[in-house]
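Understanding the architecture of this molecule
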Amino acid sequence: MTRASLSKEPREVAAMFDDVAERYDVTNDVLSLGQDRRWRRAVLSAIGPRPGELVLDLAAGTGTSSLPLVFAGASVIPCDFSIGMLRVGKRERPRLPFVAGDAMRLPFADQTFDVCTIAFGLRNVSDPGAALGEMLRVTRRGGRLVVCEFSKPTFGPFRRIYDRYLMRALPTLATKVSSDPESYLYLAESIEAWPDQAGLAEVVSGAGWAGVQIRNLSGGVVALHRASRP
Ligand SMILES: C[S@@+](CC[C@H](N)C(=O)[O-])C[C@H]1O[C@@H](n2cnc3c(N)ncnc32)[C@H](O)[C@@H]1O
């Protein structure tokens, strides 16, 4: 297995997700040790969709992150730029109104959405600041942002164990369940290189979002960043 590069071009990122699309959901469940269901419930409560609200689920992939919002009664537009992920999503969840689009040049008019959310996607976007700026543009004034992303465990001893799991066990486990284990080496490396909770909060507010709040999940393995459009 060669080492995946962290500085991937957008088309390389799209191709990487095209390759893992078929087994994406099952691999996710295994590698997160089932935690992803809890994280998705927390995202839902952070968004708190109200009746009639329109939600953009950016980097929605196969629509796994969109489904809990739909079940809660929200109108959700799942958007992604990997045709492979969109194809699997459309096949498995034909009722979801998938849209093909790049997070850095969203195909939506200004102030279209009440809420923008991105789950386990911002880290993969080549320019996260630009994507956060685009999300701001397409969100109405007073609208909300919820980012769910891997982060840094806050308790030192746990963080050391986690780092060992992440960098060694995860890629090994991925060879057993994923259709493209090398992508999961990239996953581990990209999580390690990603800013911590405070660092991401700065990127979010730097893009123009106001009142950034952080909530750690699973001891900081994942963090939610909430903010609103001024
Ligand atoms: C790990 S998946 C997350 C999918 C889904 N949100 C979930 O929670 O299961 C990351 C997704 O980000 C998408 N992505 C990465 N960069 C993107 C970009 N610039 N524009 C749109 N989607 C992007 C990938 O195609 C991939 O489907």
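Description of the structure in this document. Sequence order sets the numbering: in each chain, residues are counted from 1 along the sequence as written. Only residues with pLDDT of at least 70 get local features here, since the model is predicted, and only at 80 or more are side-chain atom pairs given and counted; chain-wide, interface and lining totals rely on the full set of residues. To get the side-chain values, take all heavy atoms of the structure and skip hydrogens and water.

Within a beta sheet, neighbouring strands are joined by backbone hydrogen bonds and run either parallel or antiparallel to one another. Strands qualify as paired when DSSP identifies two bridges or more between them. Under the DSSP-based scheme used, a helix requires at least four consecutive residues in state H or I and a strand at least two consecutive residues in state E, with every element numbered from the N terminus. Strand order in the open sheet formed by seven strands is β3-β2-β1-β4-β5-β7-β6, with mixed pairing between adjacent strands. Strand pairing shows two members of the sheet lacking a second neighbour, β3 (99-100) and β6 (210-217), which therefore form its edges. Docked against the sheet, helix α6 (residues 128-138) engages β1 (54-58), β4 (113-119) and β5 (139-150), running at close to 145° with respect to β5. Should any heavy atoms of two residues lie within 4.5 Å, those residues are considered in contact. Lines fitted to C-alpha atoms define the axes here, with helix axes fitted over just the stretch in contact, and angles between the N-to-C directions of these axes take values from 0 to 180 degrees.

Looking now at empty space enclosed by the protein. Two kinds of site are reported from a 1 Å grid over the protein atoms alone, namely cavities, where a 1.4 Å probe fits but cannot get out, and pockets, open sets with protein on both sides within 12 Å along at least five of seven lines, and residues are called lining when an atom falls within 4 Å of a point. Grid points are joined across faces, edges and corners, and a volume is the space filled by probe spheres set on the points. Taken as a whole and judged by the stated rule, the model has one cavity of 30 Å³ or more. Taken as a whole, the largest cavity spans an internal volume of roughly 60 Å³. Around the largest cavity sit Arg-40, Val-43, Leu-44, Ile-47, Asp-57, Ser-65, Pro-68, Leu-69, Thr-117 and Ala-119, which together line it. Taken together, the elements giving at least two residues each to the lining of the largest cavity come down to α3 (36-47), α4 (67-71) and β4. Element by element, the count of residues in the lining of the largest cavity is highest for α3, at four residues. Put simply, Ala, Val, Leu, Ile, Met, Phe, Trp, Tyr, Cys and Pro go in the nonpolar bin, Asp, Glu, Lys and Arg in the charged bin, and everything else, Gly too, in the polar bin. By residue class, the composition of the lining of the largest cavity is six nonpolar, two polar and two charged.

We call Phe, Tyr and Trp rings a pair once their centres come within 6.5 Å, taking the six-membered ring for Trp, and we label the pair stacked below 30 degrees between planes, edge-to-face above 60, and tilted otherwise. Tallied over the entire structure, the rule returns five aromatic pairs. Ring plane angle 90° and centroid distance 5.9 Å describe the contact between Trp-39 and Phe-150, whose orientation is recorded as edge-to-face. Highlighted residues: Trp-39 in helix α3 and Phe-150 in strand β5, separated in sequence by 111 residues. Comparing Trp-39 with Phe-150, the two get one shared label, buried. Ring centres of Phe-158 and Tyr-162 lie 6.2 Å apart, and the angle between their planes is 45°; on these two criteria the pair is classed as tilted. Placement of the pair is Phe-158 and Tyr-162 together in helix α7 (residues 156-177), with a separation of four residues, close to one helical turn. The cut-offs for exposure are 20% and 50% of the maximum accessible area for each residue type, with area from a 1.4 Å probe on protein chains only; residues under the lower value are buried, those over the upper are exposed, and the others partly exposed.

Our focus in this paragraph is the side chain of Thr-62. Residue placement: Thr-62 occurs in the loop between β1 and α4. Look at Thr-62 and you get buried, because its relative accessible area is 1%. Among all residues touching Thr-62, those that are not within four sequence positions of it are Ala-21, Tyr-24, Asp-25, Met-85, Val-88, Gly-89, Arg-93 and Phe-98.

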